[in-house]
Amino acid sequence: MIESDLLTMAYPPLLVFAAALLVLVLPRIAGFAAGALSLAGVLAISVYAPAGEYLTGTFLGFDVVAFHVDGFSQMIGIGLGFLGICSVIYAYSSGASRELVAIALTYVASSLGAAFAGDWLVLVFMWELMAVTSTLVVWHYGGDAVRAGFRYALFHGTGGVIVLLAVAAHYVEAGTFVYDGTGIASGLPAMLAVLGMGVNVGFIGLHTWLPDTYPRPHFAASVFLSVYTTKTSAFVLYRAFPIGAESDLGIYIAYMGGLMSVYGATFALLQHDMRALLSYHIQAQLGYIVAGIGMGAWMVETEIATAGAMSHLFNNILFKSLLFMAVGVVIFRTGEEDLYKLGGLWREMPLTAIGFALGALSITAIPGFNGYISKGMLFDAADPHYYGVHEFEALYWLLWIGAIGTLLSFIKLGYYVFLHGESDISVPDAKPGQTIAMLGLGGACLLFGVWWQGLADLAPTIHVHGGHYEFAYPGGGESELHPYSPSHLETAGILTAVALVTFAVVRKPLSKLDLGDPARVVFPAGYYVGRWSMLATTELYRIVDAAAVGLVKRCYWIGNNPVLAVDAAARRLPGVDVEDRQPTDGGRPSTIHLRASIGTTVLLLTVVLTVVLLVLLG
């Protein structure tokens, strides 16, 4: 009992936020160790904290639940906590600065706050904090990342405002912000929630920030970015449209997911930039999760769809970050982003090649790896010949096409980077910390593929009875999970064979294509508005910054040279003669340092506002 009380008193976001501050003040290795330990604490809390509502109270007269523990939040907390440990180790070994990791940990803290929120008011605060801190992670790298970060901020700022409107409309309908298990109120709140959350989960047309942003920052930053915003947002989408909600929007959400899986896989296949390819596959894999959420929200007793969505979300945390790590090591060692300019690296970088292979086999749903288990659940939920209904027939085939596109993309990426030809460069393999992080995540991908019962135990809608893993589905009562049945293995074999044959046919013409996203043609007005508003904002910041710095430096000089200042003023008066004097500082320029980046400025403001809100909540 004492241990449980201690676990529920340790608020996961606060643990990680405190570690972010320690990273800034402690020696580098001690600070990074504190960051990893804080995430180990999150992992322990997610595993052992009893279900319930904690840190409840009132804020501005509204009931709030800052810390909500149930099977769903525990599952995502385990994934985010374990990934966080690996990401900090990877960042340390990759030479990431203390400032970058401190900002990234603040971002992780806000993501955990959104995942463990028990009401919509806390969720909105953490959602906006997640948008701010993730923007700072992008901005920290400088250069092109600053402009990409501004476009990223425009998307997420707009999405956050729409989510806030959805929450306000929900309060008008429900009279409370606290989660009650039925999701967001139907009607206008639900419509606004789908639109606002659709930005973060990469709905088609709202997704261009993904391939635009994630290839630009430090490669260690891309590991953090590849998971925390999108996966937390997919989980929040589930909170808005939970299983059994019977929302009319569920069928549209499901089909949007199916289209995302095809769209993302298609444009991933056309990319030359390795991180752009992986970014499109964030959208593609989110499509499977969104499809499962939509199916679960549309019909009663679609437990297999919800189990598949949450399991694929959990698995995606593992294999997507692993793939960004492996590609990051390639970029780190070779300095090359274009996959067609590489080749034969498995001889030079065997450990990195193994890490990539573990992630690629997982995301492509090869039997024996975790993606096979969760994608199999989603296929079964959509297939009218298994547990689906005839309304999901087209959705099932969309998911099929998306799976083939995923296989093609990773055959292409692995072939051209690691297998094709002889490497014409000699480079070292991954550093020890990078290897530990990659093999840790890869081992988890393999573990949950072989020991699929462990993954099923984590999924809240899979019920264990006498060693059998059962679930309910529409019109069919109870059924049992059998991921390695002959029919499932046959499906996986057909998908793999089709992809291999197709790659052999299209490999050469495919290498000549590098197509941009048509959304940038469809929405040119948005592109140019974003571009010019970004330029206007950054130029205004430069002017205000230069004026403020100039004023303070002038005042500083006057304070050091008051007599010369009076002389200078007197010379401006007509008929006044002033003799020349020597400066008291010997004529040396001012040494006062007043420079601060946009990221540092916003980070300081965020810290101050967070402390103020925590005090008010207390």
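Residues numbered from 1 in each chain as written. Predicted model: local features only at pLDDT ≥ 70, side-chain atom pairs only at ≥ 80, totals over all residues. Heavy atoms only, no water.

Novice: Describe the overall build of the protein, with residues and values.
Specialist: When you go through the protein residue by residue, the secondary structure sums to 25 helices and five strands. The C-alpha radius of gyration of the protein comes to 26 Å, within 12% of the 25 Å expected for a compact globule of 618 residues. Across its three principal axes, the protein shows a C-alpha extent of roughly 100 × 65 × 50 Å. Burial status across the protein gives 56% buried among its 618 residues. Sequence separation of 24 or more characterises 79% of the internal contacts of the protein that already satisfy a separation of 6 or more. (Helix = DSSP H or I, 4+ residues; strand = E, 2+ residues; numbered from the N terminus. Rg over C-alpha atoms; globule rule 2.2 N^0.38 Å. Buried < 20%, exposed > 50% of the residue type's maximum accessible area, 1.4 Å probe, protein only. Contact = heavy atoms within 4.5 Å.)

Novice: Quick one: what's the story with the pattern of salt bridges, residue by residue and with numbers?
Specialist: If you walk through the whole model with that rule in mind, you get five salt bridges. We note a salt bridge from Asp212 to Arg151, for which the minimum N-O separation is 2.8 Å. In this pair, Asp212 sits in helix H9 (residues 209–213) while Arg151 sits in helix H7 (residues 144–174), placing the two residues 61 residues apart along the sequence. The same class applies to Asp212 as to Arg151, namely buried. Across the pair Arg347 and Glu422 runs a salt bridge, and its minimum N-O distance is 3.8 Å. Separated by 75 residues along the polypeptide, Arg347 in helix H15 (residues 345–348) and Glu422 in the loop between helix H18 (393–419) and helix H19 (432–450) bring together distant segments of the chain. Using a relative accessible area of 61% as the deciding quantity, one classes Glu422 as exposed. One network of salt bridges, with partners in common, ties together Arg151, Asp212 and Arg216. (Salt bridge = Lys/Arg side-chain N within 4 Å of Asp/Glu carboxyl O.)

Novice: Could you give an account of the side chain of Ser134, naming the residues involved and the relevant values?
Specialist: Assignment of secondary structure puts Ser134 in helix H6 (residues 120–139). With sequence-adjacent residues up to four places away left out, Ser134 is seen in contact with Tyr107, Tyr152, Leu225 and Thr229.

Novice: Mind laying out the environment of Leu225, listing which residues take part and the relevant values?
Specialist: Assignment of secondary structure puts Leu225 in helix H10 (residues 219–225). Through-space distance from the C-alpha of Leu225 to that of Tyr107 is 9.0 Å; in sequence the pair is 118 residues apart. Not counting residues within four places of it along the chain, the set of residues in contact with Leu225 comprises Tyr107, Ser134, Val137, Val138, Tyr152, Tyr214 and Pro217.

Novice: Outline empty space enclosed by the protein, supporting the account with residue identities and numerical values.
Specialist: Tallying each qualifying case throughout the model produces four cavities of 30 Å³ or more. There is about 120 Å³ of room inside the largest cavity. As for the largest cavity, its lining consists of Tyr11, Pro13, Leu14, Phe17, Thr106, Ala109, Ser110, Phe125, Met126, Leu129, Thr610 and Leu614. Looking at the lining of the largest cavity residue by residue, the class counts come to nine nonpolar, three polar and no charged. (1 Å grid on protein atoms, 1.4 Å probe; cavity = no way out; pocket = protein on both sides within 12 Å on 5 of 7 lines; lining within 4 Å. Points joined across faces, edges and corners; volume = space filled by probe spheres on them. Nonpolar A, V, L, I, M, F, W, Y, C, P; charged D, E, K, R; others polar.)

Novice: Hey, could you go over helix H3 (residues 28–48) for me, with residue numbers and the actual values?
Specialist: When the terminal C-alpha atoms of H3 are compared, their 30 Å separation across 21 residues agrees well with the 30 Å that a helix rising 1.5 Å per residue should span. Every buried residue of H3 is accounted for by Gly31, Phe32, Ala34, Gly35, Ala36, Ser38, Leu39, Val42, Ile45 and Ser46. (Expected span 1.5 Å × (residues − 1).)

Novice: I'd like to hear about helix H12 (residues 250–269), residue by residue, with values.
Specialist: With 20 residues, H12 should cover 28 Å at 1.5 Å per step; its first-to-last C-alpha distance of 29 Å lies within 8% of that length. In terms of burial, H12 is largely enclosed, as 15 of its 20 residues are buried.

Novice: Break down the packing of helix H13 (residues 274–298) against helix H14 (residues 303–334) for me, citing the residues and quoting the values.
Specialist: To describe two helices that pack against each other, one gives the angle between their axes and the distance between the axes. At a minimum axis distance of 9 Å, the contact between H13 and H14 shows a crossing angle of 175 degrees. As the angle between them shows, H13 and H14 are arranged roughly antiparallel. Split into classes, the residues belonging to the contact of H13 with H14 amount to 17 nonpolar, eight polar and two charged. (Axes fitted to C-alpha atoms, helices over the stretch in contact; angles between N-to-C directions. Parallel < 35°, antiparallel > 145°, perpendicular 65-115°, else oblique.)

Novice: Summarise the packing of aromatic side chains; cite the residues concerned and give the values.
Specialist: Inspection of the entire model under this criterion finds 32 aromatic pairs. Measuring from ring centre to ring centre gives 6.1 Å for Tyr386 and Tyr387, while their planes differ by 65 degrees; the resulting arrangement is edge-to-face. The class for Tyr387 is buried, based on a relative accessible area of 14%. Members of the aromatic cluster, joined through ring pairs, are Tyr288, Phe379, Tyr396, Trp397 and Trp400. Over the ring of Phe32 we find Arg28; its NZ or CZ atom is 4.6 Å from the centre of that ring. (Phe/Tyr/Trp six-rings, centres within 6.5 Å; stacked < 30°, edge-to-face > 60°. Lys NZ or Arg CZ within 6 Å of the ring centre and 35° of its normal.)

Novice: Give me the lowdown on a nonpolar patch on the surface, citing residues and values where you can.
Specialist: Residues Leu21, Leu22, Leu24 and Val25 make up a contiguous nonpolar surface patch of roughly 330 Å² in combined accessible area. Mapping Leu24 onto the fold places it in helix H2 (residues 12–25). (Patch = residues over 30% accessible without salt bridge, like charges linked within 9 Å, V, L, I, M, F, W, Y side chains within 5 Å. Areas by Shrake-Rupley, 256 points an atom, 1.4 Å probe, with all protein chains shown as cover.)

Novice: Describe the environment of Val615, with residues and values.
Specialist: Along the chain, Val615 turns up in helix H25 (residues 598–617). Along the backbone, Val615 and Trp397 are 218 residues apart, and their C-alpha atoms lie at a distance of 52 Å.

Novice: Kindly report on the sheet that holds strand E5 (residues 477–480), identifying the contributing residues and their values.
Specialist: Overall, antiparallel pairing links the three strands, which are arranged E3-E4-E5 in an open sheet. With one partner strand each, in any of the chains shown, strand E3 (463–465) and E5 form the two edges of the open sheet. On average, each strand axis in the sheet is tilted by 45 degrees relative to the strand beside it, whichever way the strands run. Sheet topology note: the E3/strand E4 (residues 468–473) ladder contains three bridges and is antiparallel. Directly across from His465, in E4, lies its bridge partner His468. (Pairing = 2+ DSSP bridges.)

Novice: Any details on the pairing of E4? Residues and values, ideally.
Specialist: Linking E3 back to E4 in an antiparallel pair, the connection comprises two residues, with Gly466 at a positive phi of about 60 degrees. Taken together, the four bridges between E4 and E5 define a ladder with antiparallel strand orientation. Paired with Phe471 across the strands is Ser479, a residue of E5.

Novice: Before we move on, could you go through the nonpolar core and cite the residues and values that matter?
Specialist: Judged by nonpolar contacts, the single largest core of 193 residues is most densely connected at Phe241 and Leu413. Tallying contributions element by element places H14 first for this core, with 19 residues. Not counting chain neighbours up to four residues away, the residues in contact with Phe241 comprise Ile184, Ala190, Val194, Ser247, Leu249, Ile253, Ile293 and Ala297. (Core = buried A, V, L, I, M, F, W, Y, C linked by side-chain atoms within 4.5 Å.)

Novice: How would you explain unusual backbone geometry if you had to name every residue and give the values?
Specialist: With a phi angle near 55 degrees, Leu55 is a residue other than glycine that sits in the positive phi range. Mapped onto the elements of the fold, Leu55 is located in strand E1 (residues 52–59). Owing to a relative accessible area of 41%, Leu55 belongs among the partly exposed residues under this scheme. Its identity is not glycine, yet Glu246 carries a phi of approximately 55 degrees, on the positive side. Inspection of the secondary structure puts Glu246 in the loop between helix H11 (228–240) and H12.

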